[in-house]
Amino acid sequence: MRPEPAARRSRLTRRAVLGTIAGVAAGGFAWDRLANGGDDNGGGTDADGAGPSAGPTGAHTFERLSRPERTVVRSADGGTLATFTDGARTAVLSGPSRSFNEPRTTTATVTTDAWVRVLPHEWQQGMEKSAWFKGWFPKTLGDTSPDVFAVAFQYSSAGAPDKHKASGLRYAGTAHFGPRNAEVNNPLDFAYHDEQSDFYDYLGVPWDFPGGVRAQPEKARYGDVDCSGFQRLVWGYRMGIPVHNTNAKGAGLPRRAFAIAAYGPGRLLIPNTGRQPTDLDVLQPGDLVFFAIIKDRPDLIDHVGMYMGLDDRGRHRFYSSRSAANGPTMGDMSGRSLLDGTDFYARGFRTARRL
């Protein structure tokens, strides 16, 4: 969860409300053991299936905070149970602690009690009084079905098991970045695997976008997603946020990283000043983070990742689809997946958005 004033934190209340169920690692990448069953339908808002739901016990209150404007749900002793940001559909709820790791590419681990969910509507002040919220919140607070993080790791390049719809369509499983680029010999080069693979390339099915545009997947890109294609796969195809097929402003997620940063839905958290941001307290798990990493185009946003929170060394770590790892990674091949410090991606970090 996003850090709140120390006097208001209380992990004891979260345990009392939700219990403690730890995530475990398997097959070289982090895997929430509660996400391994009952979600073979694919697609749909907030992932698939309904996990165990403890539901909140005891009173809770709502507090308004600013920068950004948001509603925070407090437990009886002041602990943070959930955060809802005005203008965004991303909600972060407190739940059982899980650990994410990827030994193939990093020794770092991210352990978090943040569960990232997608609201049916953009949050606005006062929505806690609405009928839909009063039904949604108690059920979702105790829900351990796959959230955004669990869904994202269903595509880990370190090895994730295939999942199929009843129709036979593979909708999850190990993803790669793109086809091999024969003109590049260094496997750590950013162009070693070609970009331009979108979520429908991974799926291998045609996709109808708004405006009557029908996109056809390329056979050579089956199972592949570049950095922005991966975010569209997770947030769009799996979590239900609309997508469109241009880089212009429109309803939903545009195609490229620079367009998502500039025109994407939700709330801009960190504006792009052309320099590396140093105040990262505004970030919460699930936020999209954007980078300018092309040497001869230092002002172009050309990479996007998902913020995970602090790793076991207290560093701000993100998850993205990258060429060097050949797919989604939280690892450190050809640049550490960090926002702070002086490493390659940290120096290129420019802006952040909450969907």
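Residues numbered from 1 in each chain as written. Predicted model: local features only at pLDDT ≥ 70, side-chain atom pairs only at ≥ 80, totals over all residues. Heavy atoms only, no water.

A.B. asks: In this structure, what is going on with the overall build of the chain? I would like to understand it.
C.D. replies: Helix and strand counts for the chain come out as seven helices and 17 strands. Across the chain, every contact between residues at least 6 apart in sequence was considered, and the portion connecting residues at least 24 apart equals 61%. (Helix = DSSP H or I, 4+ residues; strand = E, 2+ residues; numbered from the N terminus. Contact = heavy atoms within 4.5 Å.)

A.B. asks: Any chance you could explain the pairing of strand S7 (residues 109-118) here in plain terms?
C.D. replies: Regular strands show a simple pattern: their side chains alternate between the two faces of the sheet. The element S7 is extensively covered by neighbouring structure, given that nine of its ten residues are classed as buried. With nine bridges joining them, strand S6 (residues 90-101) and S7 adopt antiparallel strand pairing. What sits directly across from Leu93, in S7, is Trp115. (Buried < 20%, exposed > 50% of the residue type's maximum accessible area, 1.4 Å probe, protein only. Pairing = 2+ DSSP bridges.)

A.B. asks: Quick question: what am I supposed to make of the nonpolar core here?
C.D. replies: The tendency in soluble globular proteins is for nonpolar side chains to be buried side by side. In terms of nonpolar packing, the biggest core is built from 46 residues, with Val148, Tyr155, Phe199, Val234, Trp235 and Met308 touching the most fellow members. Tallying contributions element by element places helix H5 (residues 227-238) first for this core, with six residues. With residues near it in sequence (within four places) discarded, Val234 still touches Val148, Val151, Ala152, Tyr155, Met239 and Met306. Residues Leu280, Leu283, Tyr307 and Phe349 belong to the second largest nonpolar core, which totals 14 residues. (Core = buried A, V, L, I, M, F, W, Y, C linked by side-chain atoms within 4.5 Å.)

A.B. asks: Looking at this structure, how should I read the pairing of strand S17 (residues 349-354)?
C.D. replies: In terms of burial, S17 is largely enclosed, as six of its six residues are buried. Here strand S12 (residues 267-270) runs beside S17; their pairing, made up of three bridges, is antiparallel. Within S17, the residue paired with Leu268 across the bridge is Arg353. Both strand S13 (residues 288-291) and S17 contribute to a ladder of four bridges, which runs antiparallel. Each bridged residue has a counterpart across the sheet, and for Phe291 the counterpart in S17 is Phe349.

A.B. asks: Which parts of the structure should I look at to understand the sheet that holds strand S16 (residues 327-329)?
C.D. replies: Where strands meet in a sheet, backbone hydrogen bonds hold them as pairs that are either parallel or antiparallel. The sheet built from six strands is open, its strands ordered S12-S17-S13-S14-S15-S16 with antiparallel pairing. In the strand order of this sheet, the two ends are held by S12 and S16, each with one partner. Ignoring strand direction, the axes of neighbouring strands in this sheet form an average angle of 30 degrees. Where H5 meets the sheet, its contacts fall on S13, strand S14 (303-310), strand S15 (316-322) and S16, and the angle it forms with S14 comes to roughly 60 degrees. (Axes fitted to C-alpha atoms, helices over the stretch in contact; angles between N-to-C directions.)

A.B. asks: Is there a simple way to think about the packing of aromatic side chains in this case?
C.D. replies: The geometry of an aromatic ring pair comes down to the distance between the two centres and the angle between the two planes. Here the structure, examined in full by the defined rule, presents 26 aromatic pairs. Between Phe84 and Trp136, the aromatic rings sit 6.1 Å apart at their centres with planes inclined by 65 degrees, giving edge-to-face as the arrangement. You can see Phe84 sitting in strand S5 (residues 80-85) and its partner Trp136 sitting in helix H2 (residues 131-141), a full 52 residues away along the chain. With a relative accessible area of 0%, Phe84 lands in the buried category. Three or more aromatic residues link up through ring pairs in this structure, and these residues are Phe62, Phe84, Trp123, Trp132, Phe133, Trp136 and Phe137. Positioned above the aromatic ring of Trp115 is the side chain of Arg98, whose terminal nitrogen or guanidinium carbon lies 3.8 Å from the ring centre. (Phe/Tyr/Trp six-rings, centres within 6.5 Å; stacked < 30°, edge-to-face > 60°. Lys NZ or Arg CZ within 6 Å of the ring centre and 35° of its normal.)

A.B. asks: Please clarify how the confidence of the model for the chain should be interpreted in this entry.
C.D. replies: Close inspection of predicted coordinates is inappropriate in any region flagged by low pLDDT. Per-residue confidence for the chain gives a mean pLDDT of 85; residues scoring 70 or more make up 80%. Long-range and interchain partners of residues 2-57, a stretch whose pLDDT sits below 50, account for 161 contacts in this model, where long-range means more than four residues apart. (pLDDT = per-residue confidence, 0-100.)

A.B. asks: Is there a simple way to explain the environment of Pro68 in this structure?
C.D. replies: Structurally, Pro68 is set in the loop between strand S3 (60-65) and strand S4 (70-75). What makes Pro68 buried here is its relative accessible area of 5%. Along the chain, Pro68 and Leu268 lie 200 residues apart, while their C-alpha atoms are 9.1 Å from each other. Non-local contacts of Pro68, meaning those with residues more than four positions away in its chain, are made with Thr85, Arg267, Leu269, Val282 and Arg354.

A.B. asks: Explain H5 here, please?
C.D. replies: Two residues of an α-helix separated by three or four positions point the same way, owing to the 3.6 residues in each turn. Taking 1.5 Å of rise per residue, twelve residues should cover 16 Å, and H5 covers 16 Å from first to last C-alpha, within 8% of that figure. Of all the residues in H5, the buried ones are Cys227, Ser228, Gly229, Phe230, Gln231, Arg232, Leu233, Val234, Trp235, Gly236, Tyr237 and Arg238. Two residues or fewer after H5 comes Gly240, characterised by a positive phi angle close to 90 degrees. (Expected span 1.5 Å × (residues − 1).)

A.B. asks: Please clarify how the pattern of salt bridges should be interpreted in this entry.
C.D. replies: Close approach of charged atoms lets side chains of opposite charge pair. For the structure on display, the rule yields 19 salt bridges. Note that Glu218 is salt-bridged to Arg221, the shortest N-O span being 3.3 Å. Salt bridges linked by common partners bring Asp311, Arg315, Arg317, Asp332, Arg336, Asp340 and Asp343 together as one network. (Salt bridge = Lys/Arg side-chain N within 4 Å of Asp/Glu carboxyl O.)

A.B. asks: What is the right way to read H2 from this model?
C.D. replies: Within H2, burial applies to Phe133, Trp136, Phe137, Thr140 and Leu141. Buried residues of H2, viewed axially, fall in a sector of 105 degrees; they line one side. Turned more than 90 degrees away from the buried face of H2 sit Ala131, Lys134 and Lys139, all of them exposed. (Arc of directions from axis to C-beta.)

A.B. asks: So what exactly am I meant to see when it comes to the environment of Phe177 here?
C.D. replies: Within the secondary structure layout, Phe177 lies in the loop between strand S9 (170-172) and helix H4 (199-203). For Phe177, a relative accessible area of 6% corresponds to the buried category. The spatial distance from the C-alpha of Phe177 to the C-alpha of Arg221 is 8.7 Å, given a sequence separation of 44 residues.

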